[in-house]
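Residue-level listing of the chains:
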Amino acid sequence: MKKTRIVVTGMGIVSPLGCGVDQVWPRLLDGQSGIGLNDRFDVSELPVKIAGLVPSIDDDSDAGFSLDEIMPLKEQKKLGLFTRYAMAASHEALTQANWWPEDEQDQAATATIIASGIGGLPTIMEAQKTLDTKGYKRISPFTVPAFLGNLAAGNVSIKYGFKGPLGSPVTACAAGIQAIGDGMRMIRSGEASVAIVGGAEACIDPLAIAGFNALKALSTRNDAPTEASRPFDQHRDGFVMGEGAGMLVIESLEHALARGAEPLVEITGYGTSADAYHITSGPPDGSGAARSVKAALAMAEMTVSDINYINAHATSTPVGDNAEVATLRSLWGKEVGRVAISSTKSATGHLLGAAGGIESIFTAMAVMNDHLPPTLNLTEQDETMADLDLVPNHSRAATVQHALCNGFGFGGVNASLILSKYVSEA
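Residues numbered from 1 in each chain as written. Predicted model: local features only at pLDDT ≥ 70, side-chain atom pairs only at ≥ 80, totals over all residues. Heavy atoms only, no water.

A. Region of the structure containing the pairing of strand β9 (residues 265-274). Of all 10 residues in β9, 8 are buried; the element is thus mostly enclosed. By the bridge criterion, 3 bridges tie strand β1 (residues 6-15) to β9 in an arrangement that is antiparallel. Residue Ile6 lies in a different strand from β9, and its bridge partner there is Ile267. Pairing of β9 with strand β15 (residues 413-421), which is carried by 9 bridges, proceeds in the antiparallel orientation. (Buried < 20%, exposed > 50% of the residue type's maximum accessible area, 1.4 Å probe, protein only. Helix = DSSP H or I, 4+ residues; strand = E, 2+ residues; numbered from the N terminus. Pairing = 2+ DSSP bridges.)

Below is the structure:
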């Protein structure tokens, strides 16, 4: 049976580098960093004082975050911050795809799959403060709908009338890629013709920072925020927490062409697996993640030699980066030095459940533009990785026919996506 081809027709980003794909992509290639001192709340008593915060429109007039053109302020206040980010990124993606279904058939054929690793943690924490200081009568009726992890998907579905399947993977840092994979499967199974997919996260909160710090997972390079996220570097000391959303409109090629939409890239492979090893760390040999990559390659009917670029999960933790490199070595063998590998988390920090969404978009842009985003702050490449092409510090032009994007999360979950140049059948 002929396999349904799946294409991306729209993309939208809210990130620490700014909002809007056309605004963020040049900043990424230019080596800009979205990481700075955390001024959202008092960090004086916390050991980690840096974060990748989404800039406001007041701080960044060209690419700052604002929902004012999409919904009134009164409605915005009812939403958790991660949902607001999802709404903005979804609107951008839907605008590019020009997908605004009005009849029942098209609405029912549209799935909404938006992942979040944690959901509305800041809403929960603020509500707890209110409960403790003012009592239960002062809790807003919008508290629960604001913090539930599936409400980003729910609110996007409600706003645009999408009546097809609705879901929200909550699989830690693999969730964004799993959302894309879930949407892809739904289209291939006939459950949907179009899907808005990706991830949203906004959990930069004292509890989250204290919790990840207790795991010794966060960088404490507070005196040099833009240099703190340094995947693959010999002196990396942990990841930097980021926030935002990355959303894509995906659909069957047949559906896209029938309505006159422009295919941007094709999703050719997807795979997911479990380590069944440890709650926070993958096996040192990277075997669990390797199964995920192998599954994606098998779906795409490719071998490792077909991949030109890898947007690595690489968060800037010593253990995690080593395990991912072990994964790649086990698959590419002696040829691993010939494939370009970079980590865009060096510029954005780690967006947890939203990471796969924005990194899939960065990977798509690399494919579309034949340009590789850099790994920032790679001043002293880990001595065990000296043979790898990690695109240090500067972007570069390169032909990218097929690219791999990885996402790995706590609980031992792995997800891999392959994006390819769109080639017409004609």
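B. Spatial organisation of helix α9 (residues 206-214). Of all the positions in α9, only Ala208, Ile209 and Phe212 are classed as buried. Take α9 and look down its axis: the buried residues cluster within an arc of 95°, on one side only. Structurally, α9 contributes buried residues whose contacts are with α5 (121-134). With a side-chain oxygen lying 2.8 Å from the backbone nitrogen of Leu207, the N-terminal cap of α9 falls on Asp205. Lys216 sits one or two positions beyond α9 and adopts a positive phi of about 60°. (Arc of directions from axis to C-beta. Contact = heavy atoms within 4.5 Å. Polar contact = N/O pair within 3.5 Å; in protein donor to acceptor, adjacent residues only side chain to side chain.)

C. The arrangement of helix α14 (residues 355-369) in detail. Taking 1.5 Å of rise per residue, 15 residues should cover 21 Å, and α14 covers 21 Å from first to last C-alpha, within 8% of that figure. Across the 15 residues that make up α14, a large majority, 13, are buried. Among the residues trailing α14, Asp370 stands out with phi positive, at a value near 50°. (Expected span 1.5 Å × (residues − 1).)

D. Representation of the nonpolar core. By size, the foremost hydrophobic cluster in this structure holds 53 residues, and its most contacted members are Val8, Met11, Leu248, Ile250 and Ile267. Examining the composition of this core, we find that 8 residues originate from one element, α14, more than from any other. The residues touching Ile267, leaving out its near neighbours within four places in the chain, are Ile6, Val8, Ile180, Met184, Arg188, Ile250, Leu417, Ile418 and Leu419. Among the nonpolar cores identified, the runner-up in size contains 31 residues, and Val54, Leu67, Ala153 and Tyr160 belong to it. (Core = buried A, V, L, I, M, F, W, Y, C linked by side-chain atoms within 4.5 Å.)

E. Layout of the packing of aromatic side chains. The final tally for this structure, using the stated rule, is 5 aromatic pairs. For the ring pair Phe65 and Tyr85, a centre distance of 5.0 Å and an interplane angle of 90° mean the geometry is edge-to-face. Here the residue Phe65 occupies a position in the loop between β4 (50-51) and α2 (73-76), and Tyr85 occupies one in helix α3 (residues 81-97), the gap between them amounting to 20 residues. Grouping residues by exposure puts Phe65 and Tyr85 together as buried. Judged by centre distance (6.2 Å) and plane angle (50°), the rings of Phe212 and Phe410 are tilted. Of the two residues, Phe212 is situated in helix α9 and Phe410 in the loop between β14 (402-409) and β15; the sequence distance between them amounts to 198 residues. By relative accessible area, Phe212 is classed as buried at 13%. (Phe/Tyr/Trp six-rings, centres within 6.5 Å; stacked < 30°, edge-to-face > 60°.)

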